[in-house]
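# A look at the structure
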Amino acid sequence: MRKNIVAGNWKMNLKRDEGLDLINDVINLLPSDNKVEVVFAPSFIHLYKVNKMCLNLDKVNTASQNVSKEERGAFTGEISAEIIRSANVKYTIIGHSERREYFKETNEDLKQKVDVSLENNLEVIFCCGESLDQREEEVHFNWIKIQISESLFHLSSDDFRKIIIAYEPIWAIGTGVTASSDQAEEIHKFIREIIAQKYGDEIANNTSILYGGSCNPTNARDIFSKDNIDGGLIGGASLNAESFVEIIKSF
Ligand code: PEP
């Protein structure tokens, strides 16, 4: 079902006490009539505790920032979908540009991660987005289509319903440069169209597509006002309770 989601990607930030304080502060500041699904994506080591703190709260869930493409076994340092799911975590983020760039994750790797996640009932927030060079060369539409089709379009319709897309232009992540709401809407509309071509209008219209890239309390309302933008994947601004909640309240 298409829903509005604001997810906070803490990346490799916040020690245990800092993270737990942040969760308490966000929970206290959330409006009682909150209609947006809130997702926290802390470090793996905090995930179980954060999830326990959110368990009885309506519309508050957790995500891992990554997942192994392997099912289980001798893969020291990796964390599998079944282990994440056994802590009652609802989502995993897959394909963040930092994973693609620094850890050389390919579309094929991400496809395997998507499969093993869905097999273990972990829903997927799948990231895609172009570099500044690709945008300037005007190959960004095609690039995003390749990212999505190579990692997701083998899925059955039923499995595709468990996918949330996050469009995150690399040039806007952590840079303070946001895509304009029109630039973001143009890509979100395109993503919805390619999903419709593959899976039909009903599934496309029910897919949540989030925007990520220097989203903050000042620009969130404008970005979220667009027809095809269903929420945000928030990095820096999710590390502060006031700014994260202001973004949530921008709907
Ligand atoms: C992100 O890393 O997913 C992100 C959107 O970061 P920021 O909000 O800091 O640009």
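Residues numbered from 1 in each chain as written. Predicted model: local features only at pLDDT ≥ 70, side-chain atom pairs only at ≥ 80, totals over all residues. Heavy atoms only, no water.

Before going further, it helps to examine the site of the ligand. Taken together, 14 residues lie around the ligand, and Lys11, His96, Glu168, Gly174 and Ser214 are the ones closest in. One of the backbone N or O atoms of serine 214 is found 2.7 Å from an oxygen atom in the ligand. At 2.8 Å, a backbone N or O of glycine 235 approaches an oxygen atom of the ligand. Here the ligand loses 95% of its free accessible area of 290 Å² to cover by the protein chains. For the shell around the ligand, the residue count by class is four nonpolar, eight polar and two charged. (Near = heavy atom within 4 Å. Polar contact = N/O pair within 3.5 Å; in protein donor to acceptor, adjacent residues only side chain to side chain. Areas by Shrake-Rupley, 256 points an atom, 1.4 Å probe, with all protein chains shown as cover. Nonpolar A, V, L, I, M, F, W, Y, C, P; charged D, E, K, R; others polar.)

The next thing to look at is the packing of helix α7 (residues 140-152) against helix α9 (residues 181-199). α9 packs onto α7 with a crossing angle of 40° between their chain directions and a minimal axis gap of 11 Å. Classified by the interaxial angle, the pair formed by α7 and α9 is oblique. Like other packed secondary-structure pairs, α7 and α9 cross with a definite hand, here right-handed. Side by side, α7 and α9 meet where His140, Phe141, Ile144, Lys145, Ile148 and Leu152 of the first sit next to Glu186, Ile187, Phe190, Ile191, Ile194, Gln197 and Tyr199 of the second. When the residues that make up the contact of α7 with α9 are grouped by side-chain class, the tally is nine nonpolar, two polar and two charged. (Axes fitted to C-alpha atoms, helices over the stretch in contact; angles between N-to-C directions. Helix = DSSP H or I, 4+ residues; strand = E, 2+ residues; numbered from the N terminus. Parallel < 35°, antiparallel > 145°, perpendicular 65-115°, else oblique. Left-handed = near helix turned anticlockwise from the far one by under 90°. Contact = heavy atoms within 4.5 Å.)

Keep in mind that these numbers describe shape and distance, not what the molecule does.
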